[in-house]
Amino acid sequence: MELLGYEITVRRKAAIAPIRHTDGGWRSFIAEPFAGAWQRNIERVPKNVLTHSTVYGCVDRIAQDCGKMWLRIVSEDADGVFTVVESPAFSPVLRKPNRYQTTQKFIEQWIHSKLINGNAYIWKERDNRNVVVALYVLEPTKVRAFVAPDGSVFYQIGNDNLSGIQETSLQVPASEIIHDVNAAFYHPLCGVSPITACALPACHGLNIQEFSEAFFANNAKPGGMLTAPGFINAETAERLKTQFEQRFSGGNVGKLYVAGDGLEYKPMTITAHDSQLIEQLKWTAEQVCTCFHVPAYKVGVGPPPAYNNIEALNTQYFSEALQALIRAIQTLLDEGLALPKPLSAKFNLEDLLLMDMSSRIMIAKEGVGAGIFSPDEARRKFNYGKVEGGNTPYLQQQNYSLAALAKRDAQEDPFGTAPAPAPEPTPEPEPETEPDDEKTIDLTNVRGRFVWKAAA
């Protein structure tokens, strides 16, 4: 197109495509819990599935355990040793992420969002120095991910007054969002919640509990039917049904019923014992624990293991359920806050992997004896202060270094008897001095000492 003598070329701006699940896009409910559920308009909403006690227990147990650990800035030295440091630019935002949450509640909400919705979106608020001064966990249903043709990632955020986002639809680059993805089965930017896998067992358990509620509300009397030996018309049958329900249901359950003319009552539903109700409930709870990788005893499903080793149990729980979540948060905070080397964000795992007192004392004692800990470092683990001379690791005198042992083994006979040392030479006695014959010598004790005294 020519305008005012200039050739102008018009190009349409490339559209930014939103990230969508392969099963139809972003939705507030979980994928089909079973084949044909969509056609029957049956969905499993997370807020409904969360009413299952085991689902709630697993989500809240993991979130609380991650939130109770101390999050701080550490510096790594040349030997790979981490030391807690105070950074004016980064420590404040970890100590107080935003104006209404503590660090504990911030981490808990982060984990809740990731486990329930499959994605956690954290909005970064910056000051005039371009330094992150606040972090906000956004509502996942108000955030959508977009990918430009050149591969750039953008996020569209809906109105969120609590986070200070006033726009109805705000598009920001990926540098302003910390995106924690749970399990990217369909797309690297689309996380899938563990509830997707345990929705059907959880709903199965909820149905059992709803049935049990109605069952026991009816005084544990199953429904049934009245039968007569002969023919009765519809009017008589309806009258008998109405009278039976009025007199022997609800609060009247258990009253005596006198039937005549050969009427019989036959139950039509099976009892809780016949349906193995307890076994079914236990199975649904175990399936939920499997999806969240949480040991069943942690949420009250079954007794704990027989052996009493708290450290081993906590280590197993940490490696299976928490380690990946904790590592993801540490890495994302390092990148999201742009922490320079050698600084990094670390959780204090000692707040989680606690041991019994006897095991802690034994480890501290052996660590000091082996020269691993100094006495002050061991005392710090029990919240005791420093002592004089306690800042140096100690080792027993009979221990030898590997270099010394290598020199010994390099000898021709390393285990031979060492030659006896040569005797030291005996010093010659000093010559005695003869007194002067012309003088008389008087030996006098002066203040406990003997002195020579010459007399005329």
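Not measured: the values here are computed from a predicted model.

Some thoughts on the sheet that holds strand β7 (residues 132-137)
No. 1: Read from one edge of the open sheet, 3 strands run β7-β6-β11, paired in antiparallel fashion. Strand pairing shows two members of the sheet lacking a second neighbour, β7 and β11 (177-181), which therefore form its edges. Pairwise comparison of adjacent strand axes, ignoring direction, gives a mean angle of 20° for this sheet.
No. 2: Taken together, the 5 bridges between strand β6 (residues 119-126) and β11 define a ladder with antiparallel strand orientation. Across the sheet, residue Ala120 finds its bridge partner in β11, namely Asp180.
No. 3: Each of β6, β7 and β11 is contacted by helix α4 (residues 103-117), which is oriented at about 140° to β6, the strand it contacts most.
No. 4: Along the sheet, helix α8 (residues 310-336) contacts β6, β7 and β11; its crossing angle with β11, the most-contacted strand, is approximately 160°.

Details of helix α9 (residues 357-369)
No. 1: Between the first and last C-alpha of α9 there are 18 Å, a value that for 13 residues agrees with the 18 Å anticipated at 1.5 Å per step.
No. 2: Gly371 sits one or two positions beyond α9 and adopts a positive phi of about 80°.

A word on the side chain of Lys124
No. 1: Of note, Lys124 is situated in strand β6.
No. 2: A polar atom in the side chain of Lys124 sits 2.5 Å from the backbone oxygen of Ser175.
No. 3: Separated by 3.0 Å, the side chain of Lys124 and the backbone oxygen of Gly336 make a polar contact.

Considerations on the side chain of Thr54
No. 1: Position of Thr54 among the secondary structure elements: in helix α2 (residues 53-67).
No. 2: Residue Thr54 is classed as buried on the basis of its relative accessible area, which comes to 4%.
No. 3: In this view, Thr54 contacts Ala285, Val288, Cys289, Val299 and Val301; residues no more than four positions away in its chain are not counted.

Notes on the environment of Thr290
No. 1: Secondary-structure assignment places Thr290 in helix α7 (residues 277-292).
No. 2: For the pair Thr290 and Ala197, spaced 93 residues apart in sequence, the C-alpha separation works out to 9.5 Å.

Describing the nonpolar core
No. 1: Core analysis: the biggest nonpolar cluster contains 50 residues, and Ile62, Trp110, Ile111, Phe292, Leu322 and Leu333 have the highest contact counts within it.
No. 2: Ranked by residues supplied to this core, first place goes to α8 with 9 residues.
No. 3: In contact with Trp110, not counting residues within four places along its chain, are Ala120, Ile122, Val137, Ile178, Asp180, Ile329, Leu332 and Leu333.
No. 4: Core analysis: the next-biggest nonpolar cluster, separate from the first, contains 13 residues, Trp123, Ala134, Val143 and Leu189 among them.

A look at the pattern of salt bridges
No. 1: Across all of its chains, the model carries 9 salt bridges by this definition.
No. 2: Here Lys114 ties to Asp180 by a salt bridge, and the two come within 3.0 Å at their closest N and O atoms. Taken together, the residues span a long stretch of sequence, with Lys114 in helix α4 and Asp180 in strand β11 at a distance of 66 residues. Judged on exposure class, the residue Lys114 and its partner Asp180 are both buried.
No. 3: Linking Glu139 and Lys142 is a salt bridge whose minimum nitrogen-to-oxygen distance equals 3.8 Å.
No. 4: According to the relative accessible area criterion, Glu139 is partly exposed, its value standing at 40%.
No. 5: Linked by salt bridges that have partners in common, Arg61, Asp65 and Lys68 make up one network.

Cut-offs used in this document
Residues numbered from 1 in each chain as written. Predicted model: local features only at pLDDT ≥ 70, side-chain atom pairs only at ≥ 80, totals over all residues. Heavy atoms only, no water. Pairing = 2+ DSSP bridges. Helix = DSSP H or I, 4+ residues; strand = E, 2+ residues; numbered from the N terminus. Axes fitted to C-alpha atoms, helices over the stretch in contact; angles between N-to-C directions. Contact = heavy atoms within 4.5 Å. Expected span 1.5 Å × (residues − 1). Polar contact = N/O pair within 3.5 Å; in protein donor to acceptor, adjacent residues only side chain to side chain. Buried < 20%, exposed > 50% of the residue type's maximum accessible area, 1.4 Å probe, protein only. Core = buried A, V, L, I, M, F, W, Y, C linked by side-chain atoms within 4.5 Å. Salt bridge = Lys/Arg side-chain N within 4 Å of Asp/Glu carboxyl O.

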